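The chain contents come next:
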Amino acid sequence: MTRRWKAILSGGILLGAASFSWATSGRAQAQTAKGGVISGTVTANRDYALSEASGNHIPALLAVRVRARDAERHITYTVFTQKGHYQIYNLPPGTYQMSALQDGFDSNGPSVELKAGETKTADVALLVRPDKLRAELVDFDTLFPPGPTRDYLMNNCMGCHGYEHIPWERMGGRDEDAWRRAVSRMFDMDGTNNHTGVPQVNPAAIPEDKREAIIKYFSDTFSLDGKPRDLKLDDLPLDEKALSRAIFVEYDLPPALPGKKDDNISSHDVWPSRISPTVYVSEMGMDVIQGMDKNRIDYPGRFQTFALPNPDLGHRELGPHGITQAKDGHVYAAEIDESMIGELDPETGKVTQYETPTRSTPHTIRSDSKGNVWFTEMQGVSKIGKLDAVTKKITEWDPSPSDTNAHYYGMTVDQKDRVWAVGMTSHKIVGYDPKTDKWSVYATPTQPSGPRRPTVDSKGKVWFSEHIGQALGMLDPDTGKITEYKDPFKLGGGYECYADAQDNIWVTLRSYGVLARFDQKTKTYTYFPEPFPDIMGREHPGPHGTMLGGLYPPKIEQDAQGAFWYAGIRMHTLTSFRPDGNVPNNQRAGN
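What counts, and where the lines are drawn
Residues numbered from 1 in each chain as written. Predicted model: local features only at pLDDT ≥ 70, side-chain atom pairs only at ≥ 80, totals over all residues. Heavy atoms only, no water. Helix = DSSP H or I, 4+ residues; strand = E, 2+ residues; numbered from the N terminus. Contact = heavy atoms within 4.5 Å. Pairing = 2+ DSSP bridges. Axes fitted to C-alpha atoms, helices over the stretch in contact; angles between N-to-C directions. Parallel < 35°, antiparallel > 145°, perpendicular 65-115°, else oblique. Nonpolar A, V, L, I, M, F, W, Y, C, P; charged D, E, K, R; others polar. Left-handed = near helix turned anticlockwise from the far one by under 90°. pLDDT = per-residue confidence, 0-100. Polar contact = N/O pair within 3.5 Å; in protein donor to acceptor, adjacent residues only side chain to side chain. Salt bridge = Lys/Arg side-chain N within 4 Å of Asp/Glu carboxyl O.

Undergrad: Describe the environment of Val441, naming the residues involved and giving the relevant values.
TA: Position of Val441 relative to the elements: it lies in strand E31 (residues 438–443). Residues Val441 and Ser400 lie 41 residues apart in sequence; the distance between their C-alpha atoms is 7.0 Å. Residues within four places of Val441 in sequence aside, it is in contact with Pro399, Ser400, Lys428, Ile429 and Val430.

Following this line, the structure appears as structure tokens:
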């Protein structure tokens, strides 16, 4: 064991706390070193690419993603080309390995030594691979034949198992017995993979005859000898001028803890602190919260690692999932696998855990202006919980008792301390008004819709994604009316929904691997492809040798400077996205 890990473990709960001298030197380096510039041209040995989304030919040099990797600091910068040219501004001095991403191409780029304030040229060449799609691309009705069982699946299952999240079509063909085992896992009373102690789906919600119909549908549709097929999508229009101002900065997360493997690193939600330069990350696979100082670029010293005590070690992980920070500065995590809310004091590293009254899977977590902490309970039961700021007692509500399989997922708190949550398999929005102590329930106009993550704009309007309804929804709390803005693209798999300071609504389109900005005034979208090598996010192995993909940004949050932050399952990075961050220092506004 290295000296660093011995020091970390001897600290008990607080792991890897950086010393003040490191923080000072790292902050000075980040703030005072004059930024350099790398610019250049991207070329390709063929003028078209084969789109992974549609299978069509697209221009090879349209909005190519150019990446500069600082291996010493474990940071990667990604920008976009405009008319084949790129510039990356404000880079700290160091050595950068250049590369580029485009469908159907490999890249060959130089290594660049950059000094403080220096400008260097680095051209990158794209080299075409043999044309080969991962699967036959077909329309939705071909992939999922219509009928009563598909209708039942969409209403009761696709809210979670959609075409873009844990997608059935990418799981490989199976015979009927194999599909029966897979479906039965959803009703396992100890949870899928024996993780949570509650079933993924309330058995009372899906009768036995419906389960048998689902098994038969899957074994016929995705049979053992069936050929690989996937959904045919659109090719999204890309605005090179807007994209050329954007930059993604990926910060590698710390290495796995002793006794763990890098494959155990499985991050989920993030929270950029409003009271410190720290971005917190819930690390599900290692039962820790990571805290990264935005003002430091040294690795791994920019991180603090806070371990969460596991009372059931050896049987279950805690699975910290949702994360937030209350007004007292304490960080709260929803421990999805152990049905607890964890409270971390970042100053001392002390962690206090609170069991939920009902065994469940706490999911998304938010605090109100009084410091109360609210959370959704997704699996096993359909409830919303509150941890009282003063008494530290948890109260639970069932906002819609008729929905036994609501799967309450995303949550937000508005300017009046009203609480809003979505039922992704009940296809409803629920809202709690603390003044009246009552819940209201709103069904989405499109049924089924699969609402996933809500947000609130500056006017108090509640926005939410409909990841199978193919729309962006807006609820007016004053009238109870829901307006839907239908997607101008097909099968986007809208997941996260976030209102920025200008009331743009950001949506993560998981089927396409993009962040999309919806302008409320013009009702138009701008698309920002993520810095991943395929449209479903960074691929990872699935069952039977398949590649599931879908390593999406599950939750984005914006800091006070306008930068968005997110992590993601097995992505091993904390990413900062700045829509207008790739400009010279004297042109930067809030980034």
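Undergrad: Describe unusual backbone geometry, naming the residues involved and giving the relevant values.
TA: Across the junction of Tyr299 and Pro300, the peptide omega takes the value -5°, indicating a cis bond. The backbone of Asp437 sits at a positive phi, close to 55°, despite the residue not being glycine. Residue placement: Asp437 occurs in the loop between strand E30 (428–433) and E31.

Undergrad: Which residues make up the sheet that holds strand E27 (residues 394–397), and what values do they have?
TA: Strands sit in the order E24-E25-E26-E27 across an open sheet of 4 strands; the sheet is antiparallel. Two strands in the sheet have a free side with no partner beyond their single neighbour: strand E24 (362–367) and E27. Direction aside, neighbouring strands of the sheet carry axes that sit 20° apart on average. In the sheet, strand E26 (residues 383–387) pairs with E27 via 4 bridges, with the strands oriented antiparallel. Bridged to Lys386 within E27 is Thr395.

Undergrad: Tell me about the packing of helix H4 (residues 148–156) against helix H6 (residues 208–221), residues and numbers included.
TA: It is the contact of H4 with H6, at a shortest axis distance of 10 Å, that shows an interaxial angle of 110°. With respect to their mutual orientation, H4 and H6 come out roughly perpendicular. Only Lys210, Ala213, Ile214, Tyr217 and Phe218 of H6 make contact with H4, whose side of the interface consists of Thr149, Arg150, Tyr152 and Leu153. Classifying every residue of the contact of H4 with H6 gives 6 nonpolar, 1 polar and 2 charged.

Undergrad: Tell me about the packing of helix H5 (residues 176–185) against H6, residues and numbers included.
TA: Direction vectors running N to C along H5 and H6 enclose 130°, while the axes themselves pass 9 Å from each other. One way to sum up the angle between H5 and H6 is to call them oblique. The element H5 and its partner H6 pack so that their crossing is right-handed. In this structure, H5 contributes Glu176, Trp179, Arg180 and Val183 to the contact, and H6 contributes Glu212, Ile214, Ile215, Lys216, Phe218 and Ser219. Counted by class, the contact of H5 with H6 contains 5 nonpolar, 1 polar and 4 charged residues.

Undergrad: Talk me through the confidence of the model for the protein; I want residue IDs and the actual numbers.
TA: With 89% of its residues at a pLDDT of at least 70, the protein reaches an overall mean of 88. Confidence drops under a pLDDT of 50 for residues 1–32, and excluding neighbours within four residues, the segment shows 48 contacts in the predicted structure. Under a pLDDT of 50 for its full length, residues 540–546 has, in the predicted model, 18 contacts with residues more than four places off or in other chains.

Undergrad: Which residues make up the sheet that holds strand E34 (residues 471–476), and what are the values?
TA: Taken in spatial order, the 4 strands line up as E32-E33-E34-E35 in an open sheet, and their pairing is antiparallel. Edge positions in the open sheet fall to strand E32 (451–456) and strand E35 (481–486), since each of these has one partner strand only. Across this sheet, the average inter-strand angle for adjacent strands is 25°, counted without regard to direction. Note: E34 against E35, 6 bridges, orientation antiparallel. When the sheet's bridge partners are listed, Met474 is paired in E35 with Thr483.

Undergrad: Can you explain the side chain of Glu557? Please cite residues and give values.
TA: Tracing the sequence through the fold places Glu557 in strand E40 (residues 557–558). Separated by 3.0 Å, the side chains of Glu557 and Lys555 make a polar contact. When neighbours within four sequence positions are excluded, Glu557 is seen to be in contact with Val270, Trp271, Pro272, Arg274, Arg366, Tyr498, Ala563, Phe564 and Trp565.

Undergrad: Got a sec to walk through the pattern of salt bridges? Specific residues and values, please.
TA: Tallying each qualifying case throughout the model produces 31 salt bridges. Where Lys227 meets Glu136, a salt bridge forms, and the shortest distance between an N and an O atom there is 3.2 Å. Placement of the pair is Lys227 in the loop between H6 and strand E14 (229–231) and Glu136 in strand E13 (residues 136–138), with a sequence separation of 91 residues. Note that Asp177 and Arg180 form a salt bridge whose closest N and O atoms lie 3.8 Å from each other. Separated by 3 residues within a single helix, Asp177 and Arg180 lie in helix H5, roughly one turn from each other. Here the residues in one salt-bridge network are Arg274, Arg366, Glu496, Lys555 and Glu557, joined through shared partners.

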